[in-house]
Amino acid sequence: MNWLYTLAKEEIETLPQAVQNYIEYTGVIGKEKVKRADIRQTGNFKVNGKWTRFKAKQSFDFLNKSFVWKAGIGSVKVTDQYQDNKGLLKVKLFGLIPLMKIVGEEVDQGEVLRLLSEMIWFPSALLSDYIEWEEIDKNTSRATITYGEKKASADFSFEDDGKLVSVKAKRYMESKGSFTLEDWEVNSFEYKEFDTGLLPYKGNVCWHLKDGLDCYCKIQVTEIEIL
């Protein structure tokens, strides 16, 4: 192991205490700093009010602040990505027939928030120089990510021992071609030991809407490969 590329305890000392506790809780101190990685996922996605099984592969490049998520959800193939400070959502029937393509500033904001929230699987990425941390209270810290000339923020809440409870943000939600800024949350985590650390491998992704909580994705990480 080359210690030049491993995460040292001293490197996290400028972070809010709650974030330091999370990084220590996951056991990644002394492990390789993650720059690029592939993960595989499975779970259920709500489509037209019905839960549909999905499988996905997601590639991360934290040096270039990007990810590409490719999933099969029933008969459709979905590509969700953030690259070069731009977000993109594409949906194709059987992977061939275009059904949807969404781009724009609202998508950019939504996808960069997704990238930020999914750094929980790679705690060393939380030290990336394009992220600023602010302590909100003893158990809550706000991460602000810079993308181009804009910024987006999410609040990370933890238990006293460092275990992550939730990630919350104001995120743009698309419905029938229009966007509204809504409360978005990732929660209900379960933990599992990977070679890379003790990580929240299961969780729910939800919108907090006027008529109640709408959880639309139940996700499970099955494999993590550091590149």
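Residues numbered from 1 in each chain as written. Predicted model: local features only at pLDDT ≥ 70, side-chain atom pairs only at ≥ 80, totals over all residues. Heavy atoms only, no water.

Enquirer: Explain the state of the cysteines to me, using residue names and the numbers behind them.
Expert: Throughout the structure, instances matching the rule amount to one disulfide. The disulfide bridge from Cys 206 ends at Cys 215, spanning 2.1 Å between sulfur atoms. What sets the handedness of the Cys 206 and Cys 215 disulfide is the S-S torsion sign, and at about 85° it is right-handed. A single burial state applies to Cys 206 and to Cys 215, both of which are buried. The cysteine Cys 217 is free of any disulfide, with Cys 206 supplying the nearest cysteine sulfur at 9.3 Å. (Disulfide = S-S within 2.5 Å. Buried < 20%, exposed > 50% of the residue type's maximum accessible area, 1.4 Å probe, protein only.)

Enquirer: Can you lay out the layout of surface pockets for me, pointing to particular residues and giving the numbers?
Expert: Of the volumes computed, that of the largest pocket is approximately 1300 Å³. If you go around the largest pocket, you meet 44 residues; those closest to its centre are Phe 45, Lys 46, Leu 89, Trp 207 and Tyr 216. The class makeup of the residues in the lining of the largest pocket is 27 nonpolar, six polar and 11 charged. (1 Å grid on protein atoms, 1.4 Å probe; cavity = no way out; pocket = protein on both sides within 12 Å on 5 of 7 lines; lining within 4 Å. Points joined across faces, edges and corners; volume = space filled by probe spheres on them. Nonpolar A, V, L, I, M, F, W, Y, C, P; charged D, E, K, R; others polar.)

Enquirer: Outline a positive patch on the surface, supporting the account with residue identities and numerical values.
Expert: A cluster of like positive charges, contributed by Lys 70, Lys 90, Lys 92 and Lys 101, occupies part of the molecular surface. One can find Lys 101 in strand 6 (residues 97–102). (Patch = residues over 30% accessible without salt bridge, like charges linked within 9 Å, V, L, I, M, F, W, Y side chains within 5 Å. Areas by Shrake-Rupley, 256 points an atom, 1.4 Å probe, with all protein chains shown as cover. Salt bridge = Lys/Arg side-chain N within 4 Å of Asp/Glu carboxyl O. Lys, Arg positive; Asp, Glu negative; His and termini not counted. Charge placed at Lys NZ, Arg CZ, Asp CG, Glu CD. Helix = DSSP H or I, 4+ residues; strand = E, 2+ residues; numbered from the N terminus.)

Enquirer: Please provide a residue-by-residue account of the pattern of salt bridges, values included.
Expert: Per the counting criterion, the structure on display carries 14 salt bridges. Its salt-bridge partner being Lys 138, residue Asp 160 comes within 2.6 Å of it at the nearest N-O pair. Taken together, the residues span a long stretch of sequence, with Asp 160 in the loop between strand 9 (150–158) and strand 10 (164–175) and Lys 138 in the loop between strand 7 (131–137) and strand 8 (140–147) at a distance of 22 residues. Given the relative accessible area of 56%, Asp 160 is considered exposed. Judged by its relative accessible area of 58%, Lys 138 is exposed. Overlapping salt bridges, with partners in common, bring together Asp 80, Arg 114 and Glu 118 in one network.

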